[in-house]
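# Summary of the model geometry
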Amino acid sequence: MRVLVVEDDTLLATGLASLLARASHMVFSARTGAEAEAVIQRDALDLVVLDIGLPDDDGFQILRRLRARNSPISVLVLTARDAVEDRVHGLDLGADDYLTKPFSVNEFEARVRALLRRSERVGTRLTAGGLTMDVAAKRVRVHDRAIDVTPREWALLELFLARPGRVLSKEQIAESLFTLDEQLSPNAIEVHVSRLRTKIGPAGVHIRTVRGFGYLLESKDE
Amino acid sequence: MSRGGARSPSIRQGLLLYLCGCLLLVIICVAAVTYAVALRAANDAYDRSLLDPAIDIADNVRIEAAGARVDLPQKALEALVYDQSDSIIYQVRMADGQLVSGVDDLPPPPAMAAGAHRFFDAMYRGQKIRVAGMRTANGTVVQVGETLHKRHQLVGEILAAELLTTLVIGAGSVALAWVGIARGLRPLEQLRAEILQRSIRDLRPLPAGGAPAEIAPVVRAFNELLAQLGAANTLQQRFMANAAHQLRTPLSGLQMHLEILLRRPLDDEVRAEIDLLHIATVRASRLATQLLALAKAETVPGSDRSLEIIDLRDLGGAAARDWVPRALQADIDLGFSLEPAVVLGDRTLLPEALNNLIDNALRYTPRGGSVTVRTGCIDAVPYLSVEDTGPGIPAPERDSVLERFYRVAGTPGEGSGLGLAIVKEVVDRHAGELEIDSVAVVCGTCVRISFPSQVSETS
């Protein structure tokens with residue numbers, strides 16, 4: 001995969017580059033908005049790791065121009081934890097995910113993996129642990145054994161697999177599944193989740209309950 | 001004006017003291033003038049009655065061959081020189097100085113023309129006396145003197161009446177001045193109250209409208225000082241925020257490289273050293289983040305720029321996304337109970353407070369424990385609370401933990417002691433209330449923030 005790291009701090013930039021290189025990605029580096037722009041124009045990228053705190057507000061500019069061109073490149077925004085506005089603004093502008101500084105290496109790698117998998121999935125398949133979801137063939141496999149899922153469970157699983165490691169609130173889930181027919185009650189969601197949990201459990205994938213809030217998909221490979 | 005302690009000069013006392021001094025001077029002058037006038041009046045009144053016996057005696061002086069004598073019976077003479085309150089003496093001398101009648105030790109009178117009379121003061125046997133003297137056509141000199149008792153009495157009475165009036169007027173003026181000065185100083189009193197009730201962060205200018213001409217310049221000067229203070233404060237906060245921000249980026253880089261290094265096959269001793277370095281780095285960058293948060297929370301607001309209607313429930317939801325992964329890593333059950341709770345708050349600071357509460361709770365709760373974030377309203381009072389099953393905070397230390405860099409003795413972990421100080425700062429900025437409770441929960445700590453009710457504002 002081809003990843004661009006836009007970061008003006010040398011220490012962080014080299015760290016990020018070495019992590020990505022170690023994960024067998026092709027890494028491009030840029031320190032300024034102009035440099036980043038040049039790389040984006042020249043090379044076909046899969047992911048941009050973008051420091052929002054660049055001088056001259058360049059981070060937001062890059063993001064804005066990228067989305068203005070309807071570019072499908074995934075963007076992982078790096079922000080400072082205190083800069084809540086940056087985070088919200090970044091997501092509004094079309095960032096796919098954000099990571100607050102300082103972050104651990106594990107956290108970074110997990111986010112990158114998730115984003116790349118997402119960009120990889122178009123028309124193909126989603127995976128987590130021993131679970132494979134073939135979107136085109138409408139088929140779910142645990143290891144190599146196909147399992148049956150209901151349309152609701154399918155939608156639910158798709159929702160989770162698209163955002164591994166992210167917490168989904170019950171409201172969010174209800175909203176996403178709303179199109180199927182009537183509004184789902186929190187209890188109904190619970191029932192669907194618990195059925196799905198039993199079905200995909202053998203794949204080493206677990207749907208954790210966040211008490212009073214929602215769910216989170218965890219898989220052994222992360 | 002001053003509240004006990006060191007005595008400071010008071011405008012009211014100063015003015016009154018000045019007024020009293022002036023009054024005293026006036027009273028002294030009035031008394032002196034009154035005394036002179038009264039004495040003159042007394043002399044005018046009594047001199048006449050002193051001259052009458054002198055004339056009577058002079059009329060009755062007979063000059064015979066045997067010598068001169070006063071041709072009056074002893075009784076009549078005594079009646080002439082009798083007075084109820086004063087003792088009267090007289091003396092009759094011939095032109096050649098020979099004593100005819102009366103006492104012989106009266107001092108000689110001043111020079112008088114024949115047929116003329118005079119009133120004058122003299123000393124007689126060590127006593128002051130008033131004398132009426134006259135010289136007849138044939139040169140006989142008659143003097144009648146009397147002590148000054150009734151004159152003094154009259155002067156005293158006039159003086160007393162006059163002084164009493166003056167004193168009543170004086171006391172009246174002082175009382176009126178007392179009230180008047182208090183009235184005049186009322187704007188100053190109001191200004192003082194206004195300044196006293198200010199919170200230390202409130203650097204808004206004092207209202208200058210309506211201040212009297214004498215106080216307006218003080219208000220202006222004070223406002224200028226406030227503005228300068230605000231500017232200095234902002235500069236300091238900005239510096240702190242900048243410094244913390246600048247520190248954080250290299251610390252992030254350092255942390256990342258250490259983590260990359262730790263993935264390599266390393267000698268056990270080296271690994272242990274790098275582990276320590278890593279822990280220190282994480283701690284330092286957390287400290288930088290918290291200093292930044294504190295600087296932000298402390299920043300003097302130019303206006304209510306950042307206050308918006310915020311549902312605490314949404315903050316809880318955002319916190320769930322940020323903190324659940326970390327809680328899972330620490331094997332702590334992070335749960336939520338989120339009910340709508342609308343407050344007027346700062347969109348940057350409130351998450352800061354909540355983040356610090358959750359961070360603290362996760363930090364001090366042992367593996368397998370649970371942390372619960374709650375939002376909602378109790379009796380229309382919106383609240384936000386974070387409850388954990390950690391060791392709890394001993395009651396005597398609950399106030400201290402809100403102080404900066406304070407850490408409960410014997411607590412494990414690498415806390416900076418800034419977390420709750422930040423929370424306190426944010427709560428203060430929202431006029432909220434912070435409660436730390438380790439009793440209501442079975443064990444552990446519950447930190448609850450109550451916010452001013454927004455019911456009236458939103459509906």
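Look above for the structure.
Residues numbered from 1 in each chain as written. Chains lettered and ligands numbered in written order. Predicted model: local features only at pLDDT ≥ 70, side-chain atom pairs only at ≥ 80, totals over all residues.

Now for the overall build of chain B. In terms of regular secondary structure, chain B is built from nine helices and 14 strands. Considering only residue pairs separated by 6 or more positions, chain B has 65% of its internal contacts joining residues 24 or more positions apart. (Helix = DSSP H or I, 4+ residues; strand = E, 2+ residues; numbered from the N terminus. Contact = placed C-beta atoms within 7 Å.)

Next up on the list: the packing of helix H5 (residues 268–298) of chain B against helix H8 (residues 419–429) of chain B. All names here are of chain B. Interhelical geometry of H5 versus H8 gives an angle of 20 degrees and a closest axis separation of 9 Å. Our classification of the angle between H5 and H8 gives roughly parallel. In this structure, the crossing between H5 and H8 has a hand that is left-handed. Here H5 contributes Gln290, Ala293, Leu294, Ala297 and Glu298 to the contact with H8, which in turn contributes Gly419, Ala421, Ile422, Glu425, Val426 and Arg429. The residue inventory of the contact of H5 with H8, partitioned by class, reads six nonpolar, two polar and three charged. (Axes fitted to C-alpha atoms, helices over the stretch in contact; angles between N-to-C directions. Parallel < 35°, antiparallel > 145°, perpendicular 65-115°, else oblique. Left-handed = near helix turned anticlockwise from the far one by under 90°. Nonpolar A, V, L, I, M, F, W, Y, C, P; charged D, E, K, R; others polar.)

Before going further, it helps to spend a moment on the environment of Leu277 of chain B. All names here are of chain B. Position of Leu277 relative to the elements: it lies in helix H5. The exposure class of Leu277 is partly exposed, given the 15 C-beta atoms found within 10 Å. For the pair Leu277 and Leu254, spaced 23 residues apart in the sequence, the C-alpha separation amounts to 9.5 Å. (Buried ≥ 20, exposed ≤ 12 C-beta atoms within 10 Å, placed from the backbone.)

Our next topic: the interface of chain B and chain A. Chain B puts 34 residues into the contact, and the matching count from chain A is 25 residues. Counting residues per element, the side of chain B that touches chain A draws most heavily on helix H4 (residues 216–262) of chain B, at 13 residues. Taken together, the residues of the side of chain B that touches chain A sort by class into 15 nonpolar, twelve polar and seven charged.

What follows is about the sheet that holds strand S12 (residues 214–219) of chain A. Ordered by their spatial adjacency, three strands build an open sheet running S10-S12-S11 (chain A), and the pairing between neighbours is antiparallel. A single partner strand is all that each edge strand has here, and the edge strands are strand S10 (167–169) and strand S11 (205–210) of chain A. Between one strand axis and the next, the sheet turns through 25 degrees on average, direction left out of account. Note that S10 of chain A and S12 of chain A share three bridges and pair antiparallel. Residue pairing for S12 of chain A: Leu168 of chain A is matched across the bridge by Tyr215 of chain A. Across the sheet, helix H6 (residues 312–329) of chain B is in contact with S10, S11 and S12 of chain A; its angle to S10 of chain A comes to roughly 140 degrees. (Pairing = 2+ DSSP bridges.)

Residue and element names in this part refer to chain B. The pairing of strand S1 (residues 61–64) with strand S2 (residues 67–70) spans four bridges and is antiparallel. The residue of S2 that forms the bridge with Val61 is Val70. Hairpin geometry of S1 and S2 is characterised by an intervening segment of two residues between the two adjacent antiparallel strands.

Quick look at the environment of Ile332 of chain B now. Relative to the helices and strands, Ile332 of chain B resides in the loop between H6 and strand S9 (333–338). Non-local contacts of Ile332 of chain B, meaning those with residues more than four positions away in its chain, are made with Ala327, Leu362, Thr365, Arg367, Gly369, Ser370 and Val371 of chain B.

Axis angle and axis distance: for two packed helices, these are the angle between their axes and the distance between the axes, and together they describe the pair. Residue and element names in this part refer to chain A. At their nearest, the axes of helix H2 (residues 33–42) and helix H3 (residues 58–68) sit 9 Å apart, and the two run at 25 degrees to each other. It follows from the interaxial angle that H2 and H3 lie roughly parallel. As for how H2 packs across H3, the hand of that crossing is right-handed. Here Gly33, Ala36, Glu37 and Ile40 of H2 lie close against H3, whose contacting residues are Asp58, Gln61, Ile62 and Leu66. Taken together, the residues that form the contact of H2 with H3 break down as four nonpolar, two polar and two charged.

Let us look at the sheet that holds strand S5 (residues 117–124) of chain B. All names here are of chain B. Judged by pairing direction, the sheet is antiparallel, and its five strands sit side by side in the order S4-S3-S7-S6-S5 without closing on themselves. The sheet is open, and its two borders are formed by strand S4 (99–102) and S5, each paired with just one other strand. Averaged over all pairs of adjacent strands, the angle between strand axes in this sheet comes to 20 degrees, irrespective of strand direction. Pairing of strand S6 (residues 127–135) with strand S7 (residues 141–147), which is carried by seven bridges, proceeds in the antiparallel orientation. Paired with Gly133 across the strands is Gln143, a residue of S7.

Turning our eyes to something else, we now look at the nonpolar core. Ranked by size, the top nonpolar core spans 75 residues in total, and within it Ala353, Ile358 and Ile422 of chain B carry the most contacts. With nine residues, the single largest contributor to this core is helix H7 (residues 349–364) of chain B. Core analysis: the next-biggest nonpolar cluster, separate from the first, contains 33 residues, Val6, Ile40, Val49 and Leu54 of chain A among them. (Core = buried A, V, L, I, M, F, W, Y, C linked by C-beta atoms within 7 Å.)

Phi at His143 of chain A takes a positive value of approximately 55 degrees, unusual for a residue other than glycine. On the basis of neighbour counts, which here come to 11 C-beta atoms within 10 Å, the residue His143 of chain A falls in the exposed class. Of note, Ala380 of chain B is a non-glycine position whose phi angle comes to about 65 degrees, a positive value. Tracing the backbone through its elements, the reader meets Ala380 of chain B in the loop between strand S11 (370–378) and strand S12 (381–388).

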